[in-house]
Amino acid sequence: QVLVVIWFVILLLLIFSFLGTRGADRIPHSWQNFMESALDFVVDIAKNQLGESFYREWIPFIGTLFLFIFGCNWAGAVIPWKLIQLPEGEFAAPTNDINTTVALALLTSFSYFYAGLSKKGLGYFKRYVNPIPLLLPINILEDFTKPLSLSFRLFGNVLADELTVTVL
C-alpha cells in the first residue's frame, strides 16, 4: 500500500514539475514562480552545506530527495488515507514505513561516501584516523550508525505526527 502512495507522490511531483516548466518565461508566473522558489530554497541549502565550489553537481540529488520527502510527509498529513478501506493493510505516508526511510538513509550514506571518494580519492579515509588513530573504531562505527539514525529520526517524526492526528 505504501508503494501506491509513493507512486501518487511521484506523479504529483511530475505534474508540478511539468506545470512549473511549461512555457517558462523570463519573468516567472504562477507555477513557474512556485518551482523557482523551491529551487532557490534547495540551492541555498546546498550552497550553505556543501560550499560554493562543490554544491552545483549535488542540486539534482538534494532537490529530488527534499521534494520527495516533503511530498511524502504532506501526503500523510493532509490526505486522509485512513478513510479508504482496503481488504488488507492501509494507506499511509511513505515515510511512515521504516523500509522507505532506511532506503532514503542508505541512498544518502552512499552518496556521502561517493562524494568523499570522488573529491579526495583514497585520501578520504584519512579522516578516520584524524586527529588520533585511537578514534578509528569510533569513526567506522559512526558511518554505520548514521543511516540507522537518519532512518529512525524520519520514521519516528512521521509516525508521531500520524499518531497525534489519529488521537485528535
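Quick caveat, the model's predicted, so the values are computed rather than measured. (Residues numbered from 1 in each chain as written. Predicted model: local features only at pLDDT ≥ 70, side-chain atom pairs only at ≥ 80, totals over all residues. Heavy atoms only, no water.)

1. Overview of the overall build of the chain
The helix and strand inventory of the chain stands at five helices and zero strands. Walking the chain from its N terminus toward its C terminus, one meets helices and strands in the order α-α-α-α-α. Along the longest, intermediate and shortest principal axes, the C-alpha atoms of the chain span 55 × 50 × 25 Å. Residues counted as buried form 27% of the 168 residues belonging to the chain. Look at the contacts in the chain between residues 6 or more apart in sequence, and 59% of them connect residues 24 or more apart. Taken as a whole, the chain presents about 11500 Å² of accessible surface, with 70% of it coming from carbon and sulfur. (Helix = DSSP H or I, 4+ residues; strand = E, 2+ residues; numbered from the N terminus. Buried < 20%, exposed > 50% of the residue type's maximum accessible area, 1.4 Å probe, protein only. Contact = heavy atoms within 4.5 Å. Areas by Shrake-Rupley, 256 points an atom, 1.4 Å probe, with all protein chains shown as cover.)

2. Structural notes on a nonpolar patch on the surface
Taken together, the side chains of F8, L11, L12 and I15 present a nonpolar region at the surface, about 310 Å² in accessible area. Summarising the element assignment, I15 is placed in helix α1 (residues 2-21). (Patch = residues over 30% accessible without salt bridge, like charges linked within 9 Å, V, L, I, M, F, W, Y side chains within 5 Å. Salt bridge = Lys/Arg side-chain N within 4 Å of Asp/Glu carboxyl O.)

3. Some thoughts on the nonpolar core
Membership of the largest hydrophobic core comes to 13 residues, with the highest contact counts inside it found for V9, F68 and L104. Looking at this core, the elements with two or more residues in it are α1, α3 (59-78) and α5 (136-167). Not counting the four nearest positions on each side in its chain, L104 is found in contact with L65, F68, I69 and L154. (Core = buried A, V, L, I, M, F, W, Y, C linked by side-chain atoms within 4.5 Å.)

4. Here we look at the side chain of N96
Within the element layout of this structure, N96 appears in the loop between α3 and α4 (98-120). Those residues within four positions of N96 in sequence are excluded, and the remaining contacts are F155, V158, L159 and E162.

5. Re the packing of α3 against α5
Packing of α3 against α5 brings their axes to within 10 Å, and their N-to-C directions diverge by 20 degrees. What the angle tells us is that α3 and α5 run roughly parallel. Crossing angle aside, the handedness with which α3 passes α5 is right-handed. Along its contact with α3, which presents I69, N73, G76 and A77, the element α5 presents L154, V158, D161 and E162. (Axes fitted to C-alpha atoms, helices over the stretch in contact; angles between N-to-C directions. Parallel < 35°, antiparallel > 145°, perpendicular 65-115°, else oblique. Left-handed = near helix turned anticlockwise from the far one by under 90°.)

6. Side note on the pattern of salt bridges
Summed over all chains, the structure comprises two salt bridges. Its salt-bridge partner being K146, residue E142 comes within 3.9 Å of it at the nearest N-O pair. Highlighted residues: E142 and K146, both in helix α5, separated by four residues, approximately one helical turn. According to the relative accessible area criterion, E142 is partly exposed, its value standing at 35%.

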